[in-house]
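# Structural description and commentary
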Amino acid sequence: MTRPAALFSRRTALRAAVVSSVAAAMGACASEPPPRLRLAAGEIGGFFWEFAGLLADGAAEAGAADIVPLTSAGSIDNLGALGTGRAELALTLIDAAYSDPSADLAAVGCVYENYFQVAVRADSDIRTAGDLRGRRVSIGATGSGATMVSQRVLDAVGVSGSAAVEQVQMPMSAASDALADNEIDAVMWAGGLPTPAFAAPRTAIRLLDLGAVVADLRREFGTAYEAVLVPANVYGEHPEVTTVGIPNVLLAHPEVPDAVVAKLVAVLLDRSSALVPGQAVGSQFLDARSLVMTGSIPLHPGAEQEYRRRHG
């Protein structure tokens, strides 16, 4: 678990900077260049963005595809990009994908787990999520999956609604600065461990324990949520806490050719050690057994064929 986002190859950065507004044709014979696929990722410095860059590098080295990571606000934004044809691939929290059962989604695989985290200043008198009543809280950027989880967590502890919590929506980096400047009292986000925007904050932070909330979320929303441990001292000096784990899913538009998706699955399986983001302190899903655990989201036919070819 070593490659931080800053170590994306120069090739990946250039691809992202010069992305064409129209994807290249995706039917290719062996002599043609690999197809260009736009991947709706997330905020620069976030878990999705870091993984997208590593995947782009791996796909290029394998000759599987020319993947162009696109910045976005997060899961909801990414699902919109996939649905409207602005991207051929998308990363999303699995609960966000479940939120629209009518969407025509196809999974390449369940790649990693995100950690929903709630941070306060280390000297704050906020000790539990219930203590957020009457406070000013960033619940994630508009279009991010974190906003939905944040609302569900606030509902679970009985402090939902504008009368209970003053909710603001900020990207992670802006929220980190606002917390340090006492402009907000807490930040809610979904990301890896440690999330770079909070790894070296201008003021010491402390994570809230959400262990008591997970059972309520699972009871109401199912197995999209699970209890996960955040090790001690991931963000400076703080004890181990339990928080909410949410799987990440890599999606492909159903019209992406089966052969192209099969090659992406091969990249995930054969180059897994090179696809570990620096933020992946927690669970690694990059093995055949976990990659296929996409819940109610069906595998893309090309992905299913490749998993079956390799593992029966």
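I will try to describe carefully the structure that is included in this document. Quick caveat, the model's predicted, so the values are computed rather than measured. (Residues numbered from 1 in each chain as written. Predicted model: local features only at pLDDT ≥ 70, side-chain atom pairs only at ≥ 80, totals over all residues. Heavy atoms only, no water.)

Across the 6 residues that make up strand β7 (residues 186-191), a large majority, 6, are buried. Bridge count between strand β4 (residues 107-121) and β7: 5 bridges; the pairing is antiparallel. From the neighbouring strand, F116 faces β7, where its bridge partner is A190. In this structure, strand β5 (residues 136-138) lies alongside β7, joined through 2 bridges in parallel fashion. Bridging across to β7, V137 finds its partner in A186. (Buried < 20%, exposed > 50% of the residue type's maximum accessible area, 1.4 Å probe, protein only. Helix = DSSP H or I, 4+ residues; strand = E, 2+ residues; numbered from the N terminus. Pairing = 2+ DSSP bridges.)

What follows is about the packing of aromatic side chains. Remark: the centre distance and the inter-plane angle together describe each pair of aromatic rings, the angle taken between the planes. Inspection of every chain in the model, using the stated rule, returns 5 aromatic pairs. The interplanar angle of 75 degrees and the centroid separation of 5.6 Å between the aromatic rings of F47 and Y112 together place this pair among those described as edge-to-face. Remark: Y112 occurs in strand β4 and F47 occurs in helix α2 (residues 47-62); sequence separation between them is 65 residues. Classification of F47 by relative accessible area gives buried; the value is 5%. Relative to Y225, the ring of F221 has its centre 6.2 Å away and its plane inclined at 80 degrees; by these criteria the two rings are edge-to-face. Here the aromatic residues F47, F51 and Y112 are joined through ring pairs into a cluster of three or more. The residue whose ring lies beneath R152 is F221, and the NZ or CZ to ring-centre distance is 3.7 Å. (Phe/Tyr/Trp six-rings, centres within 6.5 Å; stacked < 30°, edge-to-face > 60°. Lys NZ or Arg CZ within 6 Å of the ring centre and 35° of its normal.)

Our focus in this paragraph is helix α9 (residues 258-270). Taking 1.5 Å as the rise per residue, α9 with 13 residues should run 18 Å; its terminal C-alpha atoms sit 18 Å apart, in good agreement. Residues of α9 that are buried: V260, V261, A262, L264, V265, A266, V267, L268 and L269. (Expected span 1.5 Å × (residues − 1).)

A word on the nonpolar core. Counting residues in hydrophobic clusters, the biggest one holds 82 residues, and the most contacted among them are L55, I67, V111, F116, M188 and L268. Of the residues forming this core, the biggest block, 9 residues, is contributed by α2. Residues contacting M188, with those up to four places away along its chain left out, are F116, Q117, V118, L132, V137, S138, I139, G140, S150, V153 and L154. With 20 residues, the next largest nonpolar core counts I184, F198, V228 and V241 among its residues. (Core = buried A, V, L, I, M, F, W, Y, C linked by side-chain atoms within 4.5 Å. Contact = heavy atoms within 4.5 Å.)

Another aspect to go through is helix α8 (residues 211-221). Every buried residue belonging to α8 is among V213, V214 and L217, and all of these are buried. The arc enclosing the buried residues of α8, seen along the axis, measures out at 105 degrees, which places them on a common side. Facing away from the buried side of α8 by more than 90 degrees, the exposed set consists of A212 and R219. The inward-facing, buried residues of α8 abut α5 (145-156), β9 (226-230) and β10 (241-252). Note on α8: the residue one or two positions beyond its end, G222, has a positive phi of about 90 degrees. (Arc of directions from axis to C-beta.)

This paragraph deals with the pattern of salt bridges. Tallied over the full model, the rule gives 13 salt bridges. Between R38 and E88 there is a salt bridge, and its shortest N-O distance comes to 2.5 Å. Taken together, the positions of R38 in strand β1 (residues 36-40) and E88 in the loop between α3 (75-84) and β3 (89-93) put the pair 50 residues apart, joining distant regions of the chain. Of the two residues examined, R38 and E88, each falls in the buried class. Note that R310 and D270 form a salt bridge whose closest N and O atoms lie 2.8 Å from each other. Of this pair, R310 sits in helix α11 (residues 301-311) while D270 is found in helix α9, placing the two residues 40 residues apart along the sequence. Taken together, the salt bridges that share partners define one network made up of D270, E306, R309 and R310. (Salt bridge = Lys/Arg side-chain N within 4 Å of Asp/Glu carboxyl O.)

This next bit is on the packing of α9 against α11. Where α9 contacts α11, the axes come no closer than 7 Å and their chain directions differ by 50 degrees. Considering the angle they form, α9 stands oblique to α11. Where α9 crosses over α11, the two elements pack in a sense that is right-handed. For the pair formed by α9 and α11, the contact residues are D258, V261, A262, V265, A266, L268, L269 and D270 on the first element and P301, G302, A303, Q305, E306, Y307, R310 and H311 on the second. Grouping the constituent residues of the contact of α9 with α11 by class yields 9 nonpolar, 3 polar and 4 charged. (Axes fitted to C-alpha atoms, helices over the stretch in contact; angles between N-to-C directions. Parallel < 35°, antiparallel > 145°, perpendicular 65-115°, else oblique. Left-handed = near helix turned anticlockwise from the far one by under 90°. Nonpolar A, V, L, I, M, F, W, Y, C, P; charged D, E, K, R; others polar.)

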